Amino acid sequence: MSIFARMSRLWLLLFLGAVLALFLWGSARHSRAVNTDVTSFDQNGYLYYGRLLHETGYDFVGDRNRMPLYPLLLSLIYQPEWSEEEFFVAAKTANRIFSAVLLLVLWFVLRSHLRRHAAANLLLIAAFTVFVFKAAYVQAEVLFYMQNFILFLLLCRIWLKPRLTGAIAAGLLAGLAHLTKA
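Engineer: Could you clarify how one ought to interpret the overall build of the chain in this entry?
Structural biologist: Regarding its fold elements, the chain presents seven helices and zero strands. For the chain, the N- to C-terminal ordering of α and β elements is α-α-α-α-α-α-α. Within the chain, the proportion of its 182 residues that are buried is 38%. When contacts within the chain are restricted to residue pairs at least 6 apart in sequence, long-range pairs at least 24 apart make up 68% of them. Accessible surface computed for the chain: about 10800 Å², of which carbon and sulfur atoms make up 69%. Of the side chains in the chain, 17 bear a positive and 10 a negative charge, and the two mean positions are spaced by 24 Å.

If you want it as structure tokens, here you go:
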């Protein structure tokens, strides 16, 4: 590997590290300064659903039109000894970390379709216009947006090169997206 290839990888790691660090700092600040009320934006509904899934051994069916995938993820971090406020803080932290992981996935998806500069621009736009604000809330939006973006890419690929495997992948992802947010 040439010195230029090593430097290029180093700059890429530094770029991704800086984006994720700034993203985590900004979303933590938004979480502490703005999102302080568990009853705002239906967050307590997701927490309630996740807690009941955990407490009933995943027998809880749910209520209204709240879909089960995001509460299922919340139920995996829930601890029975937590108060509602402790669960709220832990869920916000988990959602911020999960959003950072989704940003990394987004980088690799963008990079597989675009040149490095265009992928970096789109990553920055997504991270600091949508993700940084939505990651601070206990809501399914970040996961739902990511699923729909990848689904869009899969459907574009099916349009250009129809294949059974692509159709199956798109169908599975569309089903997961519906289970995330109807």
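Engineer: Sorry if this is basic, but what is going on with helix α6 (residues 141-160) here?
Structural biologist: Residues lying three or four places apart along an α-helix face the same way, a consequence of the helix completing one turn every 3.6 residues. Compared with the 28 Å implied by 1.5 Å per residue over 20 residues, the 29 Å span of α6 between its first and last C-alpha is a close match. Burial in α6 covers these residues: E141, V142, L143, M146, Q147, L151, L153 and L154. Its buried side turned inward, α6 meets α3 (69-77), α4 (84-113), α5 (116-134) and α7 (164-180).

Engineer: I keep staring at the packing of aromatic side chains and nothing clicks. Help me out?
Structural biologist: Given two aromatic rings, their pairing is described by the distance between the two centres and the angle made by the two planes. Here the structure, examined in full by the defined rule, presents eight aromatic pairs. Ring centres of F41 and Y137 lie 5.3 Å apart, and the angle between their planes is 80 degrees; on these two criteria the pair is classed as edge-to-face. In this pair, F41 is assigned in the loop between α1 (3-33) and α2 (43-55) and Y137 in the loop between α5 and α6, connecting sequence segments 96 residues apart. Residue classification places F41 among the exposed positions, given a relative accessible area of 54%. Every member of this aromatic cluster is reached through a ring pair, and the members are Y48, Y49 and F60.

Engineer: Help me out: how do you make sense of the environment of F128 in this one?
Structural biologist: With respect to the helices and strands, F128 occurs in helix α5. F128 sits 29 residues away from R157 along the chain, and the two C-alpha atoms are 27 Å apart. In contact with F128, other than residues within four places in its own chain, are V19, L22, F23 and F133.

Engineer: I keep staring at the layout of surface pockets and nothing clicks. Help me out?
Structural biologist: Once rolled over the atoms, a probe with the size of a water molecule shows which space is left empty. If you add up the space inside the largest pocket, you get close to 190 Å³. Broken down by element, the residue count for the lining of the largest pocket peaks at five residues, all from α5. Grouping the amino acids of the lining of the largest pocket by side-chain chemistry returns ten nonpolar, no polar and no charged.

Engineer: Can you help me understand the packing of α4 against α5 in this one?
Structural biologist: Packed helices, taken two at a time, are described by the angle their axes make and the gap between the axes. Two elements in contact, α4 and α5, have axes whose closest approach is 9 Å; the angle formed by their N-to-C orientations is 160 degrees. Accordingly, the angle class assigned to the pair α4 and α5 is roughly antiparallel. Read as a crossing pair, α4 and α5 show a hand that is right-handed. Contacts between α4 and α5 involve N95, S99, L102, L103, L106, W107, L110 and R111 from the former and R116, A119, A120, L122, L123, A126, A127, F131 and K134 from the latter. Among the residues forming the contact of α4 with α5, the class breakdown is twelve nonpolar, two polar and three charged.

Engineer: Could you clarify how one ought to interpret the pattern of salt bridges in this entry?
Structural biologist: Where charged atoms from two side chains of opposite charge come close, those side chains can pair. All chains considered together, the criterion is met by three salt bridges. A salt bridge links E55 to R51; the shortest N-O distance between them is 3.9 Å. Within this pair, E55 and its partner R51 are both found in helix α2, separated by four residues, close to a single helical turn. The partly exposed category is assigned to E55, whose relative accessible area is 48%.

Conventions used here
- Residues numbered from 1 in each chain as written.
- Predicted model: local features only at pLDDT ≥ 70, side-chain atom pairs only at ≥ 80, totals over all residues.
- Heavy atoms only, no water.
- Helix = DSSP H or I, 4+ residues; strand = E, 2+ residues; numbered from the N terminus.
- Buried < 20%, exposed > 50% of the residue type's maximum accessible area, 1.4 Å probe, protein only.
- Contact = heavy atoms within 4.5 Å.
- Areas by Shrake-Rupley, 256 points an atom, 1.4 Å probe, with all protein chains shown as cover.
- Lys, Arg positive; Asp, Glu negative; His and termini not counted.
- Charge placed at Lys NZ, Arg CZ, Asp CG, Glu CD.
- Expected span 1.5 Å × (residues − 1).
- Phe/Tyr/Trp six-rings, centres within 6.5 Å; stacked < 30°, edge-to-face > 60°.
- 1 Å grid on protein atoms, 1.4 Å probe; cavity = no way out; pocket = protein on both sides within 12 Å on 5 of 7 lines; lining within 4 Å.
- Points joined across faces, edges and corners; volume = space filled by probe spheres on them.
- Nonpolar A, V, L, I, M, F, W, Y, C, P; charged D, E, K, R; others polar.
- Axes fitted to C-alpha atoms, helices over the stretch in contact; angles between N-to-C directions.
- Parallel < 35°, antiparallel > 145°, perpendicular 65-115°, else oblique.
- Left-handed = near helix turned anticlockwise from the far one by under 90°.
- Salt bridge = Lys/Arg side-chain N within 4 Å of Asp/Glu carboxyl O.

Interpretation note: all reported values are geometric properties and have no functional meaning in isolation.
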